[in-house]
Amino acid sequence: AVAGSVADEMLAAMCAGRALDRAYVNDGGDIAIHLAPGQWMKAAIAGTGHGLSDRLVIRSEDRVRGIATSGWRGRSFSLGIADAVTVLAKDAATADVAATLVANAVDLPSHPAIHRERACDIQPDSDLGERLVTTGVGPLSTGEIAFALDRGLAIAETYRRRGLIEAAALFLAGQSRDCGNALPEKTTPLHTPLCPAGHLPLKGGDRDGRAACSPFYDFGDWRKQQGQPISPLEGEMSGRTEGGAKG
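The structure displayed is predicted, hence computed values, not measured ones. (Residues numbered from 1 in each chain as written. Predicted model: local features only at pLDDT ≥ 70, side-chain atom pairs only at ≥ 80, totals over all residues. Heavy atoms only, no water.)

Caption draft 1: Expanded view of the packing of aromatic side chains. On inspection of all chains with the given rule, the structure shows zero aromatic pairs. Lying over the aromatic face of W40, R22 brings its terminal NZ or CZ to 5.5 Å of the ring centre. (Phe/Tyr/Trp six-rings, centres within 6.5 Å; stacked < 30°, edge-to-face > 60°. Lys NZ or Arg CZ within 6 Å of the ring centre and 35° of its normal.)

If you want it as structure tokens, here you go:
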């Protein structure tokens, strides 16, 4: 939650002693928002099949003051395979933590098409040490994509029911899930996201996930293999935190 916390602190400093109608701080895709009574703000969300034309409207009466995105295509290490998970919450720090945990939960442990490396082999000073982080996701069947997304959605729904987050949108290989109406109702998700909530992916860019889906893959085989499942409750704790390098 480093980037989200920094965004919250910077926003608080910006607003201190000032009468601002609207303000925001975007720390590498983790966004803290200030809205005076009666004000509103729009945020673009990608991955819905309409480029960047779709907007979320956040009003002062809403309980959303933070937006964050996590996923293996982003700046930070991720334990899961989500292209992106965008979370709306009461502040940026909370959104940051939740996005990380939900993105980690979108996973198919021990799946042969998923490439992982030890964090320390990629970045020697990473605080994830020898933990395996996702470095590539190969072809997945439609059922496998849905299964992985539903794992993450279950965590997001739990957080929403507990009042920890307001909404979440999950993206993987052309499919998406959302809870709390994170996606505009008019959209039919078709493509993986380019930069939801301003978070620019650095690994692989935008792609059409439908071409990667293989209906011939045996959905059951990978789940019978021995492996060490990654707990969705483990944080990202990246040595290269979103929005800046480790000091």
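Caption draft 2: Broad picture of the environment of V57. Here V57 shows up in strand β4 (residues 55–59). Since its relative accessible area comes to 33%, V57 is described here as partly exposed. On a C-alpha basis, the gap between V57 and M41 in space is 5.8 Å, while along the polypeptide they are 16 residues apart. Apart from residues lying up to four places away in sequence, V57 is in contact with W40, M41, K42 and D62. (Helix = DSSP H or I, 4+ residues; strand = E, 2+ residues; numbered from the N terminus. Buried < 20%, exposed > 50% of the residue type's maximum accessible area, 1.4 Å probe, protein only. Contact = heavy atoms within 4.5 Å.)

Caption draft 3: Looking closely at helix α1 (residues 2–15). With 14 residues, α1 should cover 20 Å at 1.5 Å per step; its first-to-last C-alpha distance of 20 Å lies within 8% of that length. Considered for burial, the residues of α1 that qualify are A3, G4, A7, D8, L11 and C15. Buried residues of α1, seen end-on, are gathered within an arc of 140° and therefore sit on one face of the element. Facing away from the buried side of α1 by over 90 degrees, the exposed positions are E9 and A13. Here the buried face of α1 lies against β1 (22–27), β2 (30–35) and α2 (92–105). (Expected span 1.5 Å × (residues − 1). Arc of directions from axis to C-beta.)

Caption draft 4: Summary view of a nonpolar patch on the surface. On the surface, V2, V6 and M10 cluster together into a nonpolar patch covering about 250 Å² of accessible area. Within the fold, V2 resides in helix α1. (Patch = residues over 30% accessible without salt bridge, like charges linked within 9 Å, V, L, I, M, F, W, Y side chains within 5 Å. Areas by Shrake-Rupley, 256 points an atom, 1.4 Å probe, with all protein chains shown as cover. Salt bridge = Lys/Arg side-chain N within 4 Å of Asp/Glu carboxyl O.)

Caption draft 5: Summary view of the pattern of salt bridges. Following the criterion strictly, the structure yields seven salt bridges and no others. Put simply, D107 and R116 hold a salt bridge, and the shortest N to O gap is 2.7 Å. Taken together, the shared-partner salt bridges connect R118, D121 and E130 into one network.

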